[in-house]
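These are the residues of each chain, in order.
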Amino acid sequence: MFAHEVALELVPTADIDLVLFDADQIVALPLAHGLAGVRHRKDVISYPDQRADLGGRKTAFFGEFSLQGGDHGFSSRDAAPGRDPEVSGPGVVGEGFEKQDAVVTVQDHGPNRLPNWDGVGLTIRGLREQELTGIIPKRMADADVIVVGAGLAGLVATAELADAGRRVILLEQEPEPWLGGQAFWSFGGLFFINSPEQRRLGVRDSHELALKDWMATAGFDRQEDQWPRKWAEAYLAFAAGEKRSWLHAQGVRFFPIVGWAERRGESIGPGNSVPRFHVTWGTGPGVVAPFERRVRDAVARGRVALMFRHRVDALTVSGGAVDGVRGAVLEASSVQRGRPNSRVAIREFELHAQAVIVASGGIGGNHDLVRQAWPARLGTPPRQMLTGVPAHVDGRMLAITEAAGGSVINRDRMWHYVEGIRNWDPIWPAHGIRILPGPSSMWFDAVGNRLPAPFFPGFDTLGTLAHLRGTGYDYSWFVLTQRIIKREFALSGSEQNPDLTNKDIKLLLQRVVSKSGPAPVEAFKQRGADFVVANNLDDLVRGMNALTETPLIDPVNLERQLAARDDAVASATTQDGQIRAIRAARRYIGDRLIRVAPPHRLLDPAVGPLIAVRLHILTRKTLGGLHTDLSGRVLSTDGTPLPGLYAAGEVAGFGGGGMHGYRSLEGTFLGGCLFSGRIAGRATAATVG
């Protein structure tokens, strides 16, 4: 339980009333004995695990006041209709003492019920107004720290704060089952450097090599990239150092085969020069679990209050410092996790603390904001996009934080995928799933032209996006075979990988022995609106053209390109960049075992049927965001820290306002939430309390 304690110095005198007040009402409590010369000694804001026991004191005391009624205790605006707050106490101020310490405890009852007062004070009858000295400062703190957003970054920050002994209110606008935010839906990929898994597979990695890859990929080139670059350097040290052992100590385990996401081509450029994508055993929920457990343990200890359906609409500022939040409590909702839910507000709330951490996520669910921030270097914004995150990932807190004085940088840096497919069983609006492709599918634009090197499946994501935006169409095509889809297609998302998510070894083995491949992939092949399956090329092209408003694919042109690629497979010295990339990938044992199919002729009936997949642009990550220093403090437009305000996770561009620069090496989004949440939580804990 939470309570407020206020310590005062008392001496006896004439009759007075003790008055507790807020903006709406005053409750006067007559005392049996009087006080005089009441002087404010100090304001002690604490949250004892149990009620203060004042009965054992030898000297006189006020006793204990218990106020209840409404979700936030004392305030009449929070009371249930027709029910006033209830007050019990006070005790009796004894006689015969000159000056003693006393404690007034205001105790709140019930889960997640906190007093929400504008002030508490003493009014002494018969004294002049200027002599009233028992006033506690306006805006009594409800906690040491308020964390906005219960996704992965918010959970990590809260866990670190609670472990440091700080009292935390964790606010989340969604229902309680949604704890974990976007991380719950993720594949659980994490970026490590020189891990035991890499070494067992013969991958030679180092901090120096990863730094080289990161900087070549990020392309930092702006004056405001000073803090993002420092965050990148700090994150790489973390990924090469204690990141894995820190997670391992909390029970997180990893799939033994390391993936090679965002591969670098033959020439120097963006991408990973070695495999670094480690899939968590348990996928996204497996990453969330230890931090949810730590937070719930802290709730049981009385250090954390979880407040769901609390939407923050403003940050409160006093004396130039952020000191709380204001918003609306939304009506209860029992819809399935991820689905749109009610935004009907049933009342307002206001809470205060010594510091606020914003961990509210990015803009991927808000297509209007995505289009507003879309950079010219990526071409024109798509007219149609799929959405890779739930609708509540709407970017609201960016503008709210700016209104309080925070600075947003690198708005135009974003990370959207080009291998999106419409979910045949959608959860949120325009729900898309990303194909995690191996390198063997042939990639064609909307009119049937093969994409040039190095725009192969699994390579330069943003380079491919920019190329495709230049075609004037919002979609493209994979053409592949059953042999390729069985070996090389994976789907991003915890719900699309039940074997890994549920830690089901028997189901996992079916990926290897099944003739059709993973069951979720087969379900998309059979039910997905973007899939065409045919036994010959003519039927395939007819199916492709049937999916579009205008038939754009010429079967003769498509066959010519497929045949040329098949001829390259037969050549040991081919100059076809994609065939060379496939052969290079298979030199890595992890790819050869489970990820990359042996090169083969696509037009060979023995490896069929032929499959075409229409690919859409899929919104996902915000690479820019709130400008922060290496303590997670939000910076104002002049580059100085805004007192009382911190940020973590995607809303901060995963740190600094954009630690990835222009591009990501993958596996760094969850890692960025972990790292920035840990930093913000620990830094805030060191400055409050």
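Treat the numbers as computed from the prediction; the structure is a model and nothing was measured. (Residues numbered from 1 in each chain as written. Predicted model: local features only at pLDDT ≥ 70, side-chain atom pairs only at ≥ 80, totals over all residues. Heavy atoms only, no water.)

**Focus on the overall build of the chain**
If you tally the helices and strands in the chain, you get 18 helices and 28 strands. By residue count, 60% of the 689 residues in the chain fall in the buried class. As presented, the chain carries roughly 26400 Å² of accessible surface, and 51% of it is formed by carbon and sulfur atoms. (Helix = DSSP H or I, 4+ residues; strand = E, 2+ residues; numbered from the N terminus. Buried < 20%, exposed > 50% of the residue type's maximum accessible area, 1.4 Å probe, protein only. Areas by Shrake-Rupley, 256 points an atom, 1.4 Å probe, with all protein chains shown as cover.)

**What to know about the packing of aromatic side chains**
Applying the stated criterion to the full structure yields 22 aromatic pairs. Ring centres 5.3 Å apart and planes at 80° place the aromatic pair Trp185 and Trp428 in the edge-to-face group. Of this pair, Trp185 sits in the loop between β10 (168-172) and β11 (189-191) while Trp428 is found in the loop between β19 (414-422) and β20 (432-436), placing the two residues 243 residues apart along the sequence. Summarising the aromatic geometry, the rings of Trp260 and Tyr588 are spaced 6.1 Å apart at their centres and angled 85° between planes, so their arrangement reads as edge-to-face. Here Trp260, found in the loop between α5 (243-249) and β12 (277-279), pairs with Tyr588, found in the loop between α16 (577-585) and α17 (589-594); they are 328 residues apart in sequence, far enough to count as distant. In this structure, Trp260 and Tyr588 share a single accessibility class: buried. Put simply, the rings of Phe191, Trp214, Trp231, Tyr235, Phe238, Trp246, Phe291 and Phe675 touch in pairs and so form one group of aromatic residues. Here the basic side chain of Arg413 rests over the ring of Tyr662, its NZ or CZ set 4.1 Å away from the ring centre. (Phe/Tyr/Trp six-rings, centres within 6.5 Å; stacked < 30°, edge-to-face > 60°. Lys NZ or Arg CZ within 6 Å of the ring centre and 35° of its normal.)

**Focus on the nonpolar core**
Among the nonpolar cores identified, the biggest contains 140 residues, and Trp214, Val325 and Val613 are the most heavily contacted of them. Broken down by element, this core gets its largest block of residues, nine residues, from helix α18 (residues 669-687). Apart from residues lying up to four places away in sequence, Val325 is in contact with Ile146, Val148, Leu171, Val312, Ala314, Leu315, Thr316, Phe349, Glu350, Leu351 and Val356. Ranked by size, the runner-up nonpolar core spans 16 residues in total, among them Val203, Leu436, Ala490 and Tyr588. (Core = buried A, V, L, I, M, F, W, Y, C linked by side-chain atoms within 4.5 Å. Contact = heavy atoms within 4.5 Å.)

**Looking at the pattern of salt bridges**
Tallied over the full model, the rule gives 36 salt bridges. Among the salt bridges present, the one from Asp225 reaches Arg413, with a minimum N-O distance of 2.9 Å. Note that Asp225 is positioned in the loop between α3 (207-218) and α4 (226-240) and Arg413 in the loop between β18 (408-409) and β19, a separation of 188 residues in sequence. No difference in accessibility class separates Asp225 from Arg413, as the two residues are buried. For Arg511, the salt bridge goes to Asp499, with nearest N and O atoms at 2.5 Å. Of this pair, Arg511 sits in helix α12 (residues 505-513) while Asp499 sits in helix α11 (residues 498-501), placing them 12 residues apart in sequence. (Salt bridge = Lys/Arg side-chain N within 4 Å of Asp/Glu carboxyl O.)

**Description of the side chain of His367**
Note that His367 resides in helix α7 (residues 367-373). By relative accessible area, which is 16% here, His367 ends up buried.

**Re the pairing of strand β13 (residues 304-308)**
Two faces belong to every sheet, and in a regular strand the side chains alternate between them. With five of five residues buried, β13 lies mostly within the body of the structure. Of the two faces of β13, the one holding Val304, Leu306 and Phe308 and the one holding Ala305 and Met307 are both buried throughout. Judged from the five bridges that link them, β10 and β13 form a sheet pairing that is parallel. Bridging from a neighbouring strand, Leu171 pairs with Met307 of β13. (Pairing = 2+ DSSP bridges.)

**Details of the environment of Phe455**
Looking at the secondary structure, you find Phe455 in the loop between β21 (442-445) and α9 (461-469). Residue Phe455 is classed as buried on the basis of its relative accessible area, which comes to 15%.

**Considering α18**
Three or four residues apart is the spacing at which side chains of an α-helix point the same way, because the helix has 3.6 residues per turn. Relative to the 27 Å expected for 19 residues at 1.5 Å per residue, α18 spans 27 Å between its end C-alpha atoms, a close match to the ideal helical length. For α18, the tally of buried residues reaches 16 of 19 residues, placing the bulk of the element in the interior. With its phi angle positive at about 100°, Gly689 sits one or two positions after the end of α18. (Expected span 1.5 Å × (residues − 1).)

**Structural notes on unusual backbone geometry**
With an omega of 5°, the peptide bond between Ala453 and Pro454 qualifies as cis. A positive phi angle, close to 55°, is found at Asn410, a residue other than glycine. With respect to the element layout, Asn410 can be found in the loop between β18 and β19. A positive phi angle, close to 75°, is found at Glu666, a residue other than glycine.

**Notes on the side chain of Asp213**
Residue placement: Asp213 occurs in helix α3. Given a relative accessible area of 1%, Asp213 falls into the buried group. Here Ser273 takes part through its side chain, which lies 2.7 Å from a polar atom of the side chain of Asp213. Setting aside its immediate chain neighbours within four residues, Asp213 contacts Arg264, Gly271, Asn272, Ser273, Arg276 and Leu665. (Polar contact = N/O pair within 3.5 Å; in protein donor to acceptor, adjacent residues only side chain to side chain.)

**Overview of a nonpolar patch on the surface**
A cluster of nonpolar side chains, Ile589, Leu593 and Ile594, forms an exposed patch at the surface whose accessible area comes to about 240 Å². One can find Leu593 in helix α17. (Patch = residues over 30% accessible without salt bridge, like charges linked within 9 Å, V, L, I, M, F, W, Y side chains within 5 Å.)

**Digging into the environment of Glu495**
By secondary structure assignment, the location of Glu495 is in the loop between β23 (490-491) and α11. Exposure remark for Glu495: the relative accessible area of 30% places this residue in the partly exposed category. For the pair formed by Glu495 and Trp185, sequence separation is 310 residues and the distance between their alpha carbons is 6.9 Å. Leave out the neighbours within four places in its chain, and Glu495 touches Trp185, His431 and Ile433.

**Section: the environment of Val168**
Inspection of the secondary structure puts Val168 in strand β10. The buried category is assigned to Val168, whose relative accessible area is 0%. Distance in space between the C-alpha atoms of Val168 and Ala353 is 8.7 Å, their sequence separation being 185 residues.

**Considerations on the packing of helix α1 (residues 152-163) against helix α6 (residues 283-300)**
Where α1 meets α6, the axes come as close as 9 Å, and the angle between the chain directions of the two elements is 40°. One finds that α1 runs oblique with respect to α6. As for the relative orientation of α1 and α6, their crossing is left-handed in sense. For the pair α1 and α6, contact is made by Leu152, Leu155, Val156, Thr158, Ala159, Glu160, Ala162 and Asp163 and by Val287, Val288, Phe291, Glu292, Arg294, Val295 and Ala298, respectively. For the contact of α1 with α6, a count of residues per class yields 10 nonpolar, one polar and four charged. (Axes fitted to C-alpha atoms, helices over the stretch in contact; angles between N-to-C directions. Parallel < 35°, antiparallel > 145°, perpendicular 65-115°, else oblique. Left-handed = near helix turned anticlockwise from the far one by under 90°. Nonpolar A, V, L, I, M, F, W, Y, C, P; charged D, E, K, R; others polar.)

**Overview of the packing of helix α14 (residues 537-546) against helix α15 (residues 555-569)**
Relative to each other, α14 and α15 sit at 125°, their axes nearing to 10 Å. With respect to α15, the axis of α14 lies oblique. Considering how the two elements wind past one another, α14 and α15 form a crossing that is right-handed. Facing α14, whose interface residues are Leu537, Asp538, Val541 and Met544, α15 presents Pro555, Leu558, Glu559 and Leu562.

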